Amino acid sequence: MVKPVRKAIFPVAGLGTRFLPATKAIPKEMLPVLNKPLIQYAVEEALDAGIDTFIFIVSEGKEAIKDHFAPSPELESMLEEQGKHDLLALVQGAVLKTGRAAYIIQDQPLGLGHAIWCGRNELDLDNEAVAVILPDDLILNQSGPGCLKQMIEIYQNVGGNLAAVENVPREQTNRYGILDVVSEDGALAKAKGLVEKPDPADAPSTLSIIGRYVLQPEVFTYLDKKERGAGNEIQLTDAMAQTIGHIDFHGFRFEGTRFDCGNQIGFVEANVAFAKAHSTS
Ligand code: UTP
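A brief look at the structure comes next. Owing to the predicted nature of the structure, the values given are computational and were not obtained by experimental measurement.

Parameters and conventions
Residues numbered from 1 in each chain as written. Predicted model: local features only at pLDDT ≥ 70, side-chain atom pairs only at ≥ 80, totals over all residues. Heavy atoms only, no water. Helix = DSSP H or I, 4+ residues; strand = E, 2+ residues; numbered from the N terminus. Areas by Shrake-Rupley, 256 points an atom, 1.4 Å probe, with all protein chains shown as cover. Core = buried A, V, L, I, M, F, W, Y, C linked by side-chain atoms within 4.5 Å. Buried < 20%, exposed > 50% of the residue type's maximum accessible area, 1.4 Å probe, protein only. Contact = heavy atoms within 4.5 Å. Near = heavy atom within 4 Å. Polar contact = N/O pair within 3.5 Å; in protein donor to acceptor, adjacent residues only side chain to side chain. Nonpolar A, V, L, I, M, F, W, Y, C, P; charged D, E, K, R; others polar. Pairing = 2+ DSSP bridges. Phe/Tyr/Trp six-rings, centres within 6.5 Å; stacked < 30°, edge-to-face > 60°. Lys NZ or Arg CZ within 6 Å of the ring centre and 35° of its normal.

### Here we look at the overall build of the protein chain
Each helix and strand counted, the protein chain has 9 helices and 13 strands in total. Considering only C-alpha atoms, the protein chain reaches an extent of 60 × 40 × 40 Å along its principal axes. Here the protein chain displays about 13,400 Å² of accessible surface, and carbon together with sulfur accounts for 50% of that area.

### Some remarks on the nonpolar core
Core analysis: the biggest nonpolar cluster contains 37 residues, and Phe10, Ile51, Phe56 and Leu148 have the highest contact counts within it. Where this core is concerned, the elements lending two or more residues are strand E1 (5-11), helix H1 (38-48), strand E4 (53-58), strand E6 (129-133), helix H6 (147-158), strand E8 (161-167) and strand E11 (207-215). Broken down by element, this core gets its largest block of residues, 5 residues, from H6. If sequence neighbours within four positions are ignored, Leu148 has contacts with Glu45, Ala46, Ala49, Ile51, Ala131, Ile133 and Tyr213.

### Description of the site of the ligand
By nearness alone, 17 residues border the ligand, and Pro11, Leu15, Thr17, Lys28 and Gln106 come closest of all. Contacts to the ligand include Gly14, whose backbone N or O atom sits 2.9 Å from an oxygen atom. Residue Asp136 places a side-chain N or O atom 3.3 Å away from an oxygen atom belonging to the ligand. Burial of the ligand by the protein amounts to 81% of the accessible area it has alone, namely 570 Å². For the shell around the ligand, the per-class residue count stands at 8 nonpolar, 5 polar and 4 charged.

### Some remarks on the side chain of Ser205
Tracing the backbone through its elements, the reader meets Ser205 in the loop between strand E10 (188-196) and E11. A polar side-chain atom of Ser205 sits 2.6 Å from the main-chain carbonyl oxygen of Leu179. A polar contact is formed between the side chain of Ser205 and the backbone nitrogen of Leu207, at a distance of 3.0 Å. Excluding anything up to four places from it in sequence, Ser205 contacts Arg170, Thr173, Ile178 and Leu179.

### A closer look at the pairing of E6
Counting buried positions along E6 gives 5 out of 5 residues, so the element sits mostly inside the fold. Along E6, one buried face is formed by Ala129, Ala131 and Ile133 and the opposite face, lined by Val130 and Val132, is buried too. Where E1 meets E6, 4 bridges bridge the pair, whose relative direction is parallel. Paired with Val5 across the bridge in E6 is Ala129. Alignment of E6 against E11, held across 4 bridges, turns out to be antiparallel.

### Digging into the packing of aromatic side chains
For the structure shown, the criterion picks out 7 aromatic pairs. Centre to centre, the rings of Phe10 and Phe56 are 5.1 Å apart; their planes meet at 20 degrees, and the pair counts as stacked. Here Phe10, found in strand E1, pairs with Phe56, found in strand E4; they are 46 residues apart in sequence, far enough to count as distant. Across the pair, Phe56 and Phe10 agree in class, each one buried. Note on Phe56 and Tyr103: the rings are 4.9 Å apart at their centroids and 10 degrees apart in plane angle, and the pair reads as stacked. Residue Phe56 is located in strand E4, and its partner Tyr103 is located in strand E5 (residues 101-105); the two are separated by 47 residues in the primary sequence. In textbook terms, an aromatic cluster arises when at least three aromatic residues are bridged by ring pairs, as seen for Phe10, Phe54, Phe56, Phe69 and Tyr103. The positively charged end of Lys36 is found above the aromatic ring belonging to Tyr41, 4.9 Å away from the centroid. We note Arg120 situated over the ring of Trp117; from NZ or CZ to the ring centre the distance is 3.6 Å.

Geometric values such as these leave the question of function open.
Shown next as structure tokens:
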């Protein structure tokens, strides 16, 4: 029996410097692709995968994220009075029910691993695994299930730690966590090691981790040590790598197209692709 996955962590405490000055006052995760902010796509993907608890790791100044998922009584009653039921449904559709969302402050940007560690007290680390979604990585799978739903289905069979992966051009390996692959089985690549941001010449493969994970509690034991890795940050990849040998690690080649909305071109490409998908659906 694998440990169930009912909770998801959304690490959204980063500074979003690549979008300055837009992100001076607006969190990067609130930038919209069409009419919805990035963070809402991430939450909807988690809901679709059966997640019932949403743990947001935020920094000071990201109140807009909490506001987005809270009710807006004045706006809602105005839309109701005006008979704008379609818009009312959109506004109410973004609300997370009380008790389903937690907002935890990461007081210093010490890295993705540290951000995830900040969510530990919201988890039952004896009995459950946890999903992690980085809203920057937006995945469009027009005709099929969302990426996290695909992952949780495959996780029920293989267990262990799981991360979404795709091949990147070799010159980009220094931006990603990269798998050292030991065997392949369909959509799954089993890793014997992981390296965070290797130089292209040293990368063991070009199979790179993108922002979707299912993590076993043991990963938090390694994050507890707060060891610094690439960029002097506490890296999730390093903690996952240290569990290999005790716990299987699989990369999962998901169905869908991923857009890196953490950079400006990827964000524009996502807007164009979603607009096209919207107009044909
Ligand atoms: P990025 O590397 O994209 O950093 O983080 P960033 O700060 O968001 O953006 P830039 O590079 O300055 O433009 C990847 C993910 O990890 C989260 C970010 O919020 C983003 O979802 N993160 C990163 C944290 O939550 N805390 C950290 O300390 C670092």
